[in-house]
Amino acid sequence: VCCVYPDSQCRDLVKALADYHKVTQDWILCGDGAADLIFGLAFALKPKKALLLAPSFLEYEQALKAVDCDIDLFYLKEENGYRLDVEELCKTLERANATYNTTAVGCSDQQKSTSEANNGYDILFLCNPNNPTGQVIRPALLDEIGERCGKMGIRLVVDECFQSFLDQPDRHTMKGKLEKDPMLFLLRAFTKFYAMAGIRLGYGLCADTQLLEQMAQCGQPWGVSSLAQAAGIAALQETAYADAVRALIADQRPKMAAGLRALGLYVIDGQANYLLFKAPADFGEALRQHGAVVRSCANYPGLDAAWYRTAVRTAAENDQLLQIMGEVLA
């Protein structure tokens with residue numbers, strides 16, 4: 001399989017994904033990981049203005065900056081557990097995208113000037129569950145955001161890469177909204193759930209087939225290797241593995257959170273396969289000297305050097321990390 005060029009259209013993988021998600025094949029575009037699709041989306045759309053949550057996945061901002069997009073940040077609040085205030089988000093979108101009917105009788109020069117100068121958002125990225133907080137936007141609230149974005153002509157991109165770790169992933173996905181909302185774009189990846197980070201395989205779901213064609217033209221001809229395509233097809237058949245991973249995370253996440261709190265650390269109640277927590281200064285470096293590494297979140301907008309993210313792994317691995325943490329904090 002590695003001695004010939006890969007299928008540039010990933011036809012076998014696309015068919016497998018279409019059967020898996022019960023969508024039409026021309027709604028699917030595969031890429032070299034989710035980040036490849038994020039950059040492809042930015043280059044295909046070239047949005048003028050975007051709204052991003054802070055903190056959230058860093059590659060959204062990197063891709064948008066590559067096309068000189070003006071970026072605003074919607075800061076999540078620590079006192080709210082970094083949960084998204086959906087009503088305030090929608091108000092922010094509506095304020096930026098407010099327009100005036102400048103042809104109406106009695107429309108003032110000031111209103112016309114405001115309308116012409118208005119620079120509303122073209123695109124909104126949401127990560128659900130969010131990275132690095134692990135917080136989930138409830139389905140009804142996510143639907144509300146989608147409806148409002150549709151009315152305002154805002155492209156809504158929902159990153160569902162960590163959704164497979166949720167207890168009821170099918171309840172949270174927006175793929176059922178794709179047919180009625182061509183402005184909706186969903187990001188998925190094999191990277192996290194199937195432990196294929198080194199293989200690099202992601203895909204997008206969208207009913208706007210013209211956009212997918214534009215994205216394909218922005219990428220390299222053989223962006224997804226034969227090995228990645230074969231691995232993706234095989235992974236979709238591993239239903240027993242998927243059930244086992246979800247059961248493991250559901251069992252270990254609350255135990256890990258409780259262990260971190262027992263050490264005196266402040267923990268955000270995330271629902272993915274990682275936990276965001278706050279620790280004393282230089283905690284990460286002290287851990288490293290003891291042979292353990294956790295993800296510093298100091299480079300995330302909205303977080304400082306006190307915040308870290310740790311994966312939720314097997315019971316033995318979690319216990320080992322908590323023991324080392326205890327020794328460092330002592």
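Up top you'll find the structure we're talking about.
For every chain, the first residue of the written sequence is number 1, and numbering continues from 1 onward in sequence order. Reporting of local features is limited, given that this is a predicted model, to residues whose pLDDT is at least 70; pairs of side-chain atoms are given and counted only at 80 or more, and all residues count toward the totals for whole chains, interfaces and linings. To obtain the side-chain values, all non-hydrogen atoms of the structure were included, while hydrogens and water were left out.

**Focus on the sheet that holds strand E11 (residues 307–311)**
Strand order in the open sheet formed by 4 strands is E8-E9-E11-E10, with antiparallel pairing between adjacent strands. In this open sheet, the two edge strands, each paired with only one partner strand, are strand E8 (266–267) and strand E10 (295–296). When DSSP finds two or more bridges between a pair of strands, those strands are recorded as paired. Under the scheme used here, helices are H or I runs from DSSP no shorter than 4 residues and strands are E runs no shorter than 2 residues, and both carry numbers assigned from the N terminus. Both E10 and E11 contribute to a ladder of 2 bridges, which runs antiparallel. By the bridge assignment for E11, Ser296 is matched with Tyr308.

**What about the packing of helix H1 (residues 11–21) against helix H9 (residues 226–236)?**
The geometry of H1 relative to H9 is characterised by a closest axis approach of 9 Å and an angle of 25 degrees between their N-to-C directions. Between H1 and H9, the angle is such that the two are roughly parallel. H1 and H9 meet at a crossing whose hand is left-handed. Across the interface between the two elements, Asp12, Leu13, Ala16, Leu17 and Tyr20 of H1 pack against Gln229, Gly232, Ile233 and Leu236 of H9. Each residue receives one of three labels: charged for Asp, Glu, Lys and Arg, nonpolar for Ala, Val, Leu, Ile, Met, Phe, Trp, Tyr, Cys and Pro, and polar for the others, Gly being one of them. Taken together, the residues of the contact of H1 with H9 break down into 6 nonpolar, 2 polar and 1 charged. To get an axis, fit a line to the C-alpha atoms, keeping to the stretch in contact for a helix; angles then go from 0 to 180 degrees between the N-to-C directions. Angle categories: roughly parallel below 35 degrees, roughly antiparallel above 145, roughly perpendicular from 65 to 115, and oblique for all the rest. Two helices cross in a left-handed way if the nearer one is turned anticlockwise from the farther one by less than a right angle. They cross in a right-handed way if the turn is clockwise. Residue contacts are defined here by distance: any two heavy atoms, one from each residue, within 4.5 Å place the two residues in contact.

**Some words on the packing of helix H4 (residues 86–96) against helix H6 (residues 139–152)**
Where H4 meets H6, the axes come as close as 10 Å, and the angle between the chain directions of the two elements is 5 degrees. Looking at the two axes, H4 sits roughly parallel to H6. Side by side, H4 and H6 meet where Val86, Glu87, Leu89, Cys90, Leu93 and Glu94 of the first sit next to Leu141, Glu144, Ile145, Arg148, Cys149 and Met152 of the second. Of the residues belonging to the contact of H4 with H6, the class tally is 8 nonpolar, no polar and 4 charged.

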